[in-house]
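# Per-entry structural report
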Amino acid sequence: MTCASCANRVERKLNKIPGVNASVNFATEKALVSVPGGTDVATLIAAVESAGYTAAEPAPPVTLVDDEGDGRAEDPAIASLRQRLILSTILAVPVVVLSMIPAVQFTNWQWLALTLAAPVAIWGAWPFHRAAWVNLRHGGTTMDSLVSVGVLAALGWSLYALFFGEAGMPGMTMLFHFLAEPGSGANEIYLEVAAAVTVFLLLGRYLEARAKRASGAALRALLELGAKDAIRLENGRETRVPIGELRVGDRFVVRPGEKIATDGLVVEGFSAVDASMLTGESNPVDVSVGERVVGATVNVAGRLVVEVTRVGADTELARMGRVVEDAQTGKARVQRLADRVSSVFVPIVFGLAVLTLVGWLLFGATLVMAFTAAVATLIIACPCALGLATPTALLVGTGRGSQLGILIGGPQVLEQTRRVDTIVLDKTGTVTTGVMAVSGITTADGEEDDEILAMAAAVEHGSEHPTGAAIVSAALERGIGLTPVESFTADAGSGVRGMVDDRLVLVGRMAWLEKEWSSSAPAALADSAKAAEGEGGTVVAIAWDGSVRGIITISDTVKHSSAEAIGRFRALGLTPILLTGDNEGAAAAVGTAVGIDDVRAGVSPAGKLDVIRELQGHDRTVAMVGDGVNDAAALAAADLGIAMGSGTDAAIAASDITVVRGDLNGVVDAIRLARRTLGVIKGNLFWAFAYNVAAIPLAMAGLLNPLIAGAAMAFSSVFVVTNSLRLRRFRAL
């Protein structure tokens, strides 16, 4: 395919097959096709070939770096285009100089100009001629048809003037004019137009191809992140094997500084893992036995043994690649409008060129004057920039998102981000960490925080309950050693007890201590416990020698970045709402901590869906952020579903945007990037439309030399692509 009209023709052919729904993307050179049962790929390829093009199934992603490490292999099509451009430029420059500067026009210079210009107009412009001929054979026209006819018309007129007019006479001289000259006659030749327009268009296509390749670099870099081999562990022996030989259930060793080969669970060791290439999060994350690790991340510190849980196309890296590629293949509504315009634009331009030619002749202009305006109209009107406006911005925007750990589901998502005015946030795992931690210690008179925590941790060290783990973790963070415990006993649902330094220490519910062990709490301590429970915390009381010595409050901790992110949501014009199944006290405490006024507590999974629909019923456009299975229905029903990548597969599958790092600032970045990308698309389309709307009347009025028209047309496409490349500079907050 050479332009948006080509993509539109292929798309129409595919969509004529019963039950087929196809979207063809010119920038990625791929078709995304939904087919009914019984339709095979051969049928689809035959349909593409019937339109005059070729097609093949996409090959699996391969590395773009050769075995010797010499760097990226250059695209053969780009290399061929560059060679054609260089040779055409060498031949065209003398033609333009001779045609524009009378002082260097020696006797019979025009015949040398013809000798140099003819190869450029025929061989140099051959890609345009070939595409125009293929489309003509299949009853269609594209921008190549405009270019081919314009260049051949300029060459044809020159041949006529040289052989049948006065232009071939010895001593002929010619001046270059920015505007068509009303008094021109058959002594004018257009060899410089045929040669220079070809060079300009080849240059535009070459720069466009280079820019398209650069715009897809983020996706290629993403696919290259994975490790090439792994150290498989079998019966205590370590063997280095290619990554493709790993199977689910295998175990492999990751040493410090090495990439983790594929997704798995840590079964041995403790380390920090740098996941910045996938999540955009710069800080390494600690991992230990039982925790999940993702392929392509880097082991920073200790030795790990990992059991494989996913390989090949099922890995997180492969899934990210598919999401990005699918998003780049789709089309926004604005692009479909541009495609429809470009599909009818070429025939209209041919009509306008004929109208220009006839109109000038009817108004008494010379044939050369009329011909000049008609050729300029053909060349200036190529709608190539329209076809590149959306896909190049999508390529760059979604590619940059993948580098920052933001996976945008498609161009439709971009349009939704502009309209969203309300953002609904699940609490656990989204605004909060989802991990229980000590949030407060209150002691009776005469007791110390560290002693209370040390006693509780010593007893809870033998417990497997999450509250016990939170207490032990808090003690270790403070540098408090764990005293050995004797006679440990757990009363299910009530508490634990054990002998610590020859004292019976009780840790559990206040009611259990009072009822079962007659351990009373001072009034101030009891009041503190009630207040903590009213705010949604879990209160653990610690007693020995017949009295309660202190309480420890355990709660789900708010992520350090949540409050900052809420402020940024408001700056983006979004109203935040907190939604949770927790009690009102816990929900209100979190809402106050992060600055959310509208807090809805005690909401079931079905209730979350009802809240989304209620808000939509009040003419709100709703974004939903969640990470759990219980959020999947609400994510799917929301106008924009955003899943935290640390969440469940069900939540991710139901969402429109996935933020790989579990940080609300990542959601802010996702909305900013989506809106920025949509803004670039609209800017591209505006300039592409405005260029054609402004330039065509000028060309028809004879105010543009075809050479200037060719340069302007070529660089309009380059402008659109380079404008899209600005998205590569997008930075996360």
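Residues numbered from 1 in each chain as written. Predicted model: local features only at pLDDT ≥ 70, side-chain atom pairs only at ≥ 80, totals over all residues. Heavy atoms only, no water.

### Digging into the UniProt feature "transmembrane region" (unreviewed entry) in the chain
- The UniProt record marks residues 85–103, 109–126, 146–169, 189–207, 341–363, 369–396, 685–701 and 707–725 with the feature "transmembrane region" (unreviewed entry), using the residue numbering of this structure.
- Structurally, residues 109–126 comprises 94% helix and 0% strand, and the distance from its first C-alpha atom to its last is 25 Å.
- Secondary structure across residues 146–169 comprises 75% helix and 0% strand; the distance between its end C-alpha atoms is 31 Å. (UniProt positions renumbered as here; feature names shortened; annotations may be inferred. Helix = DSSP H or I, 4+ residues; strand = E, 2+ residues; numbered from the N terminus.)

### Quick word on the environment of Ser158
- Tracing the backbone shows Ser158 in helix H6 (residues 143–163).
- For Ser158, a relative accessible area of 0% translates into the label buried.
- When sequence neighbours within four positions are dropped, the list of residues in contact with Ser158 reads Ile189, Tyr190 and Leu191.
- For Ser158, the side chain forms a polar contact with the main-chain oxygen of Ala154, separated by 2.8 Å. (Buried < 20%, exposed > 50% of the residue type's maximum accessible area, 1.4 Å probe, protein only. Contact = heavy atoms within 4.5 Å. Polar contact = N/O pair within 3.5 Å; in protein donor to acceptor, adjacent residues only side chain to side chain.)

### Remarks on the sheet that holds strand E16 (residues 495–500)
- Taken in spatial order, the six strands of this open sheet run E14-E19-E18-E17-E16-E15, and their pairing is antiparallel. The open sheet is flanked by strand E14 (432–443) and strand E15 (486–491), the only strands paired with a single partner. Within this sheet the neighbouring strands show an average axis-to-axis angle of 20°, counted without direction.
- Where strand E18 (residues 538–544) lies against strand E19 (residues 547–558), seven bridges are found, and the strand directions are antiparallel. From the neighbouring strand, Thr538 faces E19, where its bridge partner is Ile554. (Pairing = 2+ DSSP bridges. Axes fitted to C-alpha atoms, helices over the stretch in contact; angles between N-to-C directions.)

### Section: the packing of aromatic side chains
- Scanning the entire structure with this criterion turns up seven aromatic pairs.
- Between Trp111 and Phe163 the ring centres are 5.4 Å apart and the planes differ by 70°, which places this aromatic pair in the edge-to-face class. Of the two residues, Trp111 is situated in helix H4 (residues 109–124) and Phe163 in helix H6; the sequence distance between them amounts to 52 residues.
- Judged by its relative accessible area of 52%, Phe163 falls in the exposed class. (Phe/Tyr/Trp six-rings, centres within 6.5 Å; stacked < 30°, edge-to-face > 60°.)

### Let's talk about a nonpolar patch on the surface
- Judged by side-chain polarity, Val93, Val97, Met100, Ile101 and Val104 come together as a nonpolar surface patch covering roughly 350 Å² of accessible area.
- Secondary-structure assignment places Ile101 in the loop between helix H3 (76–100) and H4. (Patch = residues over 30% accessible without salt bridge, like charges linked within 9 Å, V, L, I, M, F, W, Y side chains within 5 Å. Areas by Shrake-Rupley, 256 points an atom, 1.4 Å probe, with all protein chains shown as cover. Salt bridge = Lys/Arg side-chain N within 4 Å of Asp/Glu carboxyl O.)

### Quick look at the sheet that holds strand E9 (residues 292–293)
- Strand order in the open sheet formed by six strands is E4-E3-E5-E11-E6-E9, and the pairing between neighbours is antiparallel. The sheet is open, and its two edges are formed by strand E4 (237–242) and E9, each paired on a single side.
- The sheet contact formed by strand E6 (residues 264–268) and strand E11 (residues 304–308) spans four bridges and is antiparallel. Each residue of the ladder has a partner; that of Leu265, found in E11, is Glu307.

### Some words on a positive patch on the surface
- On the surface, a cluster of positive charge is contributed by Arg676, Arg726, Arg729 and Arg731.
- Considering the arrangement of structural elements, one finds Arg726 in the segment after helix H26 (706–725).
- A relative accessible area of 42% means that Arg726 is categorised as partly exposed. (Lys, Arg positive; Asp, Glu negative; His and termini not counted. Charge placed at Lys NZ, Arg CZ, Asp CG, Glu CD.)

### Comments concerning unusual backbone geometry
- Positive phi, normally seen in glycine, also occurs at Asn108, with a value near 65°.
- Of note, Asn108 is situated in the loop between H3 and H4.
- The exposure class of Asn108 is partly exposed, given its relative accessible area of 32%.
- Positive phi outside glycine occurs at Asp545, with the angle close to 55°.
- If you trace the backbone, Asp545 turns up in the loop between E18 and E19.

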